[in-house]
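If you want the building blocks of each chain, they are given just below.
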Amino acid sequence: MMFFKNLEKYRIILASQSPRRRELMREAGISFQVATKPDIVEHFPDGLDKTQIPVYLAEQKALAFDDELEIPHTLLVTADTIVWSKGKVLGKPINREDAVRMLQLLSGT
């Protein structure tokens with residue numbers, strides 16, 4: 001594909017630890033490197049609409065890479081997903097018990 005051919009002149013950084021996102025990039029034939037920043041806090045302001053939350057979080061990830069974006073021909077890919085259930089976001093489980101609780105909450109929905 002011509003679009004992906006044009007990407008060859010860029011250094012592409014995938015700012016994600018997600019195995020699925022890596023797989024999608026590889027399947028698309030995109031050459032990239034993975035980089036993450038441990039100090040990114042995945043909190044969001046109260047009052048954001050459920051559709052705004054992942055966008056806000058992805059933007060926060062991008063802001064953490066300002067120094068990388070100063071390098072010419074660098075593209076940064078960030079993303080975020082949320083699980084929305086019963087009017088609220090379910091965050092990442094903090095332990096096994098929390099994960100079981102979340103799965104039970106989502107069971108049958």
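The rules behind these values
- Residues numbered from 1 in each chain as written.
- Predicted model: local features only at pLDDT ≥ 70, side-chain atom pairs only at ≥ 80, totals over all residues.
- Heavy atoms only, no water.
- Salt bridge = Lys/Arg side-chain N within 4 Å of Asp/Glu carboxyl O.
- Helix = DSSP H or I, 4+ residues; strand = E, 2+ residues; numbered from the N terminus.
- Buried < 20%, exposed > 50% of the residue type's maximum accessible area, 1.4 Å probe, protein only.
- pLDDT = per-residue confidence, 0-100.
- Core = buried A, V, L, I, M, F, W, Y, C linked by side-chain atoms within 4.5 Å.
- Contact = heavy atoms within 4.5 Å.
- Pairing = 2+ DSSP bridges.
- Axes fitted to C-alpha atoms, helices over the stretch in contact; angles between N-to-C directions.

A word on the pattern of salt bridges. Pairs can form between side chains of opposite charge whenever their charged atoms are close. Within this structure, the stated rule accounts for 7 salt bridges. The salt bridge partner of Glu42 is Lys92, with a shortest N-O separation of 2.9 Å. Taken together, the positions of Glu42 in the loop between strand 2 (33-34) and helix 3 (52-63) and Lys92 in the loop between strand 5 (88-90) and helix 5 (96-106) put the pair 50 residues apart, joining distant regions of the chain. On the basis of relative accessibility, which here comes to 35%, the residue Glu42 falls in the partly exposed class.

In this section: the confidence of the model for the chain. Of all residues in the chain, 97% attain a pLDDT of 70 or more, and the chain-wide mean is 89. Taking the mean pLDDT of every element in the chain, the minimum, 72, falls on helix 1 (residues 2-6) and the maximum, 95, on strand 1 (residues 11-14).

By size, the foremost hydrophobic cluster in this structure holds 6 residues: Leu7, Ile12, Leu14, Met25, Ile30 and Phe32. Excluding anything up to four places from it in sequence, Leu7 contacts Ile12, Ile30 and Leu75.

On to the sheet that holds strand 3 (residues 74-77), then. One open sheet holds the 3 strands; their spatial order is 2-1-3, and the pairing between them is parallel. Edge positions in the open sheet fall to strand 2 and strand 3, since each of these has one partner strand only. With 4 bridges connecting them, strand 1 and strand 3 associate as parallel partners. Considered in strand 3, the bridge of Ile13 is made with Leu76. Each of strand 1, strand 2 and strand 3 is contacted by helix 2 (residues 19-27), which is oriented at about 155° to strand 1, the strand it contacts most.

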